Protein chains: 2
Amino acid sequence: MKLIKKVNILIVGLGLLGGSYAKGLKKLGFTVNAITKDRFSIDYAMENGIIDNGTTDVNPEMVAEADLVVFALYPHTFIEWIKANQQYFKSGAVITDVTGVKGCVVHEIQDILREDVEYIAAHPMAGKEVSGVVNSDDTIFKGANYIVVPTEKNTPEAIELCRNLGEILGFKQVAELSVEEHDRMIAFLSQLTHCIAVSLMCCNNTPGLESYTGDSFRDLTRIARINDEMWSELFLSNREVLLEEMERFRSSFDELYEKIKDGDRDGMRQMMRLSTERRKLFDKKDK
Amino acid sequence: MKLIKKVNILIVGLGLLGGSYAKGLKKLGFTVNAITKDRFSIDYAMENGIIDNGTTDVNPEMVAEADLVVFALYPHTFIEWIKANQQYFKSGAVITDVTGVKGCVVHEIQDILREDVEYIAAHPMAGKEVSGVVNSDDTIFKGANYIVVPTEKNTPEAIELCRNLGEILGFKQVAELSVEEHDRMIAFLSQLTHCIAVSLMCCNNTPGLESYTGDSFRDLTRIARINDEMWSELFLSNREVLLEEMERFRSSFDELYEKIKDGDRDGMRQMMRLSTERRKLFDKKDK
């Protein structure tokens with residue numbers, strides 16, 4: 001299958017990411033349908049030309065028409081959906097997803113999925129601190145990474161199709177990682193940072209602090225505004241790896257604490273110089 | 001003394017902040033001289049119209065002409081400078097500073113200072129990840145806070161003059177805090193956040209991480225590019241309070257760790273909802 005305009009695309013789960021996929025794909029000329037649990041999201045998306053058609057129940061005909069199905073659900077809902085409805089897929093359909101953790105969905109779904117349907121996992125590393133289709137916005141893909149997460153069960157054709165989807169949606173970089181590499185990377189770069197922001201925001205209740213806040217504190221806590229339903233599930237879906245990454249950070253933080261306590265100025269400066277040096281690598285390349 | 005244009009201002013220490021003060025004050029029409037240790041900074045500032053005159057040695061005549069002296073030095077250098085050169089001050093002169101920690105300078109300097117000169121402490125909460133007069137920029141004051149830190153030794157006139165300095169430099173908010181309130185607030189909002197960023201940047205050396213970095217990690221580590229000489233001194237100058245704030249954060253981080261480890265989803269969600277709620281207070285008001 002090639003991603004040409006006659007390809008019929010179904011989005012399951014019309015939230016921020018599902019809606020942003022729909023918006024981008026519709027602009028590119030694809031037929032885009034959607035299934036999502038709440039009526040308002042379907043109505044909003046239809047009225048605003050984000051999708052062609054949509055239903056709140058799983059409509060067997062709509063599923064059967066789809067060549068490509070994109071799942072933008074929470075991990076456990078994604079698995080349940082496949083178990084309950086995979087009999088409706090068209091033979092030869094390809095399914096992909098936007099799930100932020102892979103180990104908890106990829107192997108299980110590839111194991112139970114019909115032989116004539118292929119699931120190729122992907123993680124668009126884009127988002128906002130707001131949710132819902134009303135906030136969907138396909139420009140969030142512009143500077144972002146799109147990670148394809150193939151296993152030994154995937155065909156080169158499906159991997160290519162999935163990469164192509166990231167490219168046409170306008171991601172800055174399309175890359176491939178194994179399930180284990182992906183979940184380790186996400187635990188450190190994304191989940192740990194959210195843990196830090198939440199902890200920092202929870203630890204001090206002094207009134208009036210906000211009047212003196214500079215950009216450092218604001219930057220560190222921007223992501224402390226968090227969708228608790230989604231993130232608690234993502235944390236628990238990657239628990240072992242996340243705990244290891246939290247321990248890694250904690251031991252570095254404790255090291256700095258001890259150096260400050262001991263008045264070890266050289267040791268502190270060494271850590272600061274290392275962090276300064278490493279941070280340069282992370283500057284945005286387009287700046 | 002009122003801040004009218006005939007007031008002669010001397011900046012001691014022409015780095016990023018000293019240079020930014022000089023730039024702003026010169027544009028407002030004041031006579032601005034500077035004393036700083038390296039020749040290049042003086043030459044650069046003269047050539048670019050940032051100051052009227054400058055020297056690398058302490059010039060007694062230049063000090064004696066100044067009605068207002070702004071110290072933009074490291075804490076220990078500031079104290080040494082006062083001890084060595086306070087005999088040159090004009091009687092009635094007012095001195096102020098930009099030091100990021102107050103407990104380590106304010107009491108000592110107010111104790112040793114001549115009776116006919118007044119030191120009113122201030123902290124302009126503005127900065128950049130770069131240093132030196134070549135990077136000085138008076139627009140960094142625009143959205144920032146300026147904190148006046150008076151003690152019982154200060155006169156209402158000097159406090160008013162110091163507030164006025166913050167106002168004419170264009171700070172968004174001018175506030176007053178006691179030395180203890182200031183150092184506690186700085187330990188939490190600024191020093192702790194730098195400790196977190198440095199620790200996070202130091203704890204993982206996996207090659208290629210930067211290719212997958214999203215904005216969360218970038219935002220959390222922006223301040224990991226740090227002037228190690230200055231910050232190690234500031235941390236140690238506020239050691240006890242900073243260690244307490246680090247412990248405060250660590251116990252919140254550990255609490256989240258335990259909840260994830262125990263699979264306590266409700267407990268995790270409770271922390272996330274608290275952090276989401278609190279973070280709203282910290283949004284920039286002008287956005």
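Just so it is clear, the model here is predicted, and its values are computed rather than measured.

Thresholds, definitions, all that
Sequence order as written defines the numbering, with residues in each chain counted from 1. Chains and ligands are labelled by the order in which they are written, letters from A for the one and numbers from 1 for the other. In view of the model being predicted, local features appear only for residues whose pLDDT reaches at least 70, and side-chain atom pairs are presented and counted only at 80 or more, with totals across whole chains, interfaces and linings using the full set of residues. Only heavy atoms go into the side-chain values, all of them from the structure, while hydrogens and water stay out. One speaks of a salt bridge when a side-chain nitrogen belonging to Lys or Arg is within 4 Å of a carboxyl oxygen belonging to Asp or Glu. Each residue's exposure class comes from its accessible area (1.4 Å probe, protein chains only) as a fraction of the maximum for that residue type: buried when under 20%, exposed when over 50%, partly exposed otherwise. Strands here are runs of E lasting at least two residues and helices are runs of H or I lasting at least four, both read from the DSSP assignment and numbered beginning at the N terminus. Here, residues are in contact when the closest pair of their heavy atoms is within 4.5 Å. Polar contact is the term for a pair of N or O atoms within 3.5 Å; when the atoms are in protein, one must be able to donate a hydrogen and the other to accept it, and sequence-neighboring residues count only if both atoms are side-chain atoms. The copies were overlaid with a least-squares fit restricted to C-alpha atoms from residues scoring a pLDDT of at least 70 in each copy. Here an angle of 0 to 180 degrees is reported between the N-to-C directions of two axes, which are lines fitted to C-alpha atoms, with helices fitted over the stretch in contact. What sets the label is the angle itself: under 35 degrees gives roughly parallel, over 145 gives roughly antiparallel, 65 to 115 gives roughly perpendicular, and the rest give oblique. Crossing handedness: left-handed means the near helix sits turned counterclockwise from the far one by under a right angle, and right-handed means the same turn made clockwise. As a working definition, buried area equals the accessible area (1.4 Å probe) given up by two parts on being put together, with both sides summed. Whether two strands pair comes down to DSSP finding at least two bridges between them. Two rings from Phe, Tyr or Trp (for Trp, the six-membered ring) form a pair when their centres are within 6.5 Å of each other. A pair whose planes differ by under 30 degrees is stacked, one over 60 is edge-to-face, and the rest are tilted. Geometrically, a lysine NZ or arginine CZ counts as sitting over a ring once it is within 6 Å of the ring centre and also within 35 degrees of the ring normal. Crossovers are described as right-handed under a simple rule: with the strands pointing away from the observer, the path leading from the first strand over the helix to the second runs clockwise.

## Structural notes on the pattern of salt bridges
At step 1: Under the counting rule described, the total for this entry stands at 46 salt bridges over all chains.
At step 2: A salt bridge links Asp 137 of chain A to Lys 128 of chain A; the nearest nitrogen and oxygen atoms lie 3.5 Å apart.
At step 3: Residue Lys 128 of chain A is classed as partly exposed on the basis of its relative accessible area of 33%.
At step 4: Residues Glu 245 of chain B and Arg 184 of chain B are paired through a salt bridge, measuring 2.7 Å at the closest nitrogen-oxygen approach. Here Glu 245 of chain B is found in helix α10 (residues 239–261), whereas its partner Arg 184 of chain B is found in helix α7 (residues 179–202), with 61 residues between them in sequence.

## A word on the environment of Gln 191 of chain A
Residues and elements named next belong to chain A.
At step 1: Within the secondary structure, Gln 191 is located in helix α7 (residues 179–202).
At step 2: Spatially, the C-alpha atom of Gln 191 lies 15 Å from that of Gly 103, the residues being 88 residues apart in sequence.
At step 3: Each residue touching Gln 191, except ones within four places of it in the same chain, is listed here: Val 101, Ile 186, Trp 231, Leu 234, Phe 235, Asn 238 and Leu 242.
At step 4: Here the side chain of Gln 191 touches Asn 238 through a polar contact of 3.1 Å, side chain to side chain.

## Considerations on the relation of the copies chain A and chain B
At step 1: After a rotation of 180 degrees and a shift along the axis of 0.0 Å, chain A superposes on chain B with an RMSD of 0.0 Å. The transformation relating the two chain copies, once decomposed into turn and shift, fits a two-fold axis. Relative to the rotation axis, the closest C-alpha in chain A is found at Leu 220 of chain A, a distance of 2.3 Å.
At step 2: Both copies present the same face, since 99% of the interface residues in chain A are matched by interface residues at the equivalent positions in chain B.

## Concerning the packing of α7 of chain A against α10 of chain B
At step 1: The geometry of α7 of chain A relative to α10 of chain B is characterised by a closest axis approach of 8 Å and an angle of 125 degrees between their N-to-C directions. Looking at the two axes, α7 of chain A sits oblique to α10 of chain B. As for the relative orientation of α7 of chain A and α10 of chain B, their crossing is right-handed in sense. Each of Leu 192, Cys 195, Ile 196, Val 198, Ser 199, Leu 200 and Cys 202 of chain A in α7 of chain A lies in contact with α10 of chain B, whose residues at this interface are Phe 249, Ser 252, Phe 253, Leu 256 and Ile 260 of chain B.

## Some remarks on helix α9 (residues 228–237) of chain A
At step 1: Those residues of α9 of chain A lying buried are Asp 228, Trp 231, Ser 232, Glu 233, Leu 234 and Phe 235 of chain A.
At step 2: Packing partners of the buried residues in α9 of chain A comprise α4 (75–85), α7 and α10 (239–262) of chain A together with α10 and α11 (265–280) of chain B.
At step 3: In this structure Asn 227 of chain A caps α9 of chain A, since a side-chain oxygen of it lies 3.2 Å from the backbone nitrogen of Glu 229 of chain A.

## Notes on the interface of chain A and chain B
Size of an interface, as often reported, equals the accessible area lost when the parts are brought together.
At step 1: Listed per partner, the contact involves 82 residues of chain A and 81 residues of chain B.
At step 2: Where chain A abuts chain B, roughly 8700 Å² becomes buried across the two surfaces, and 65% of that area is made up of carbon and sulfur atoms.
At step 3: Applying the counting rule to chain A against chain B returns 12 salt bridges.
At step 4: Asp 283 of chain A serves as the salt-bridge partner of Arg 225 of chain B, at 2.5 Å between the closest nitrogen and oxygen.
At step 5: Our enumeration of links across chain A and chain B arrives at 46 residue pairs in polar contact (both at pLDDT 80 or more).
At step 6: A total of 17 residues in the side of chain A that touches chain B trace back to one element, the largest contributor, which is α10 of chain A.

## A look at the sheet that holds strand β5 (residues 94–97) of chain A
Sheet strands pair via backbone hydrogen bonds, and the direction of the pair is either parallel or antiparallel.
All names here are of chain A.
At step 1: On the basis of which strands lie adjacent, the open sheet formed by 6 strands has the order β3-β2-β1-β4-β5-β6 and parallel pairing. Each of the sheet's edge strands pairs with one partner strand only, and the pair in question is β3 (53–55) and β6 (118–119).
At step 2: Bridge count between strand β1 (residues 8–12) and strand β4 (residues 68–71): 4 bridges; the pairing is parallel. Looking at β4, one finds that Val 12 is bridged to Phe 71.
At step 3: On the sheet, α4 packs against β1, β2 (31–35), β4, β5 and β6 and is oriented at approximately 145 degrees with respect to β4.

## A short note on the sheet that holds strand β1 (residues 8–12) of chain B
Residues and elements named next belong to chain B.
At step 1: The parallel open sheet is built from 6 strands, whose spatial order is β3-β2-β1-β4-β5-β6. Lying at the two open borders of the sheet, with one neighbouring strand each, are β3 (53–55) and β6 (118–119).
At step 2: Pairing of strand β2 (residues 31–35) with β3 involves 3 bridges; the strand directions are parallel. Each bridged residue has a counterpart across the sheet, and for Ala 34 the counterpart in β3 is Gly 54.
At step 3: Along the sheet, helix α4 (residues 75–85) makes contact with β1, β2, β4 (68–71), β5 (94–97) and β6, crossing β4 at roughly 145 degrees.

## A closer look at the packing of aromatic side chains
Any aromatic ring pair is given by two values, namely how distant the centres are and how the planes are angled relative to each other.
At step 1: The full count for this structure, using the stated rule, is 29 aromatic pairs over all chains.
At step 2: When the centroid spacing of 4.8 Å and the interplanar angle of 25 degrees are considered together, the rings of Phe 71 of chain A and Phe 78 of chain A count as stacked. With respect to burial, Phe 71 of chain A and Phe 78 of chain A carry one shared label: buried.
At step 3: Sitting above the plane of the Tyr 257 of chain A ring, Arg 250 of chain B keeps its charged end 4.7 Å from the centroid.

## Observations concerning the environment of Thr 151 of chain B
Residues and elements named next belong to chain B.
At step 1: With respect to the helices, strands and loops of the structure, Thr 151 is situated in the loop between β8 (145–149) and α6 (156–168).
At step 2: Thr 151 sits 98 residues away from Phe 249 along the chain, and the two C-alpha atoms are 30 Å apart.
At step 3: If sequence neighbours within four positions are ignored, Thr 151 has contacts with Val 106, His 107, Gln 110 and Val 179.
At step 4: Looking at Thr 151, its side chain comes within polar contact range of the side chain of Gln 110, at 2.6 Å.

## So, the pairing of β1 of chain B
All names here are of chain B.
At step 1: Counting buried positions over the 5 residues of β1 gives 5, a clear majority of the element.
At step 2: By the alternation rule, side chains of β1 split into Asn 8, Leu 10 and Val 12 and Ile 9 and Ile 11, which are all buried.
At step 3: Direction of pairing for β1 relative to β2: parallel, over a ladder of 5 bridges. The residue bridging Ile 9 from the neighbouring strand is Val 32, located in β2.
At step 4: As a crossover connection, the stretch from β1 through helix α1 (residues 16–27) into β2 is right-handed.

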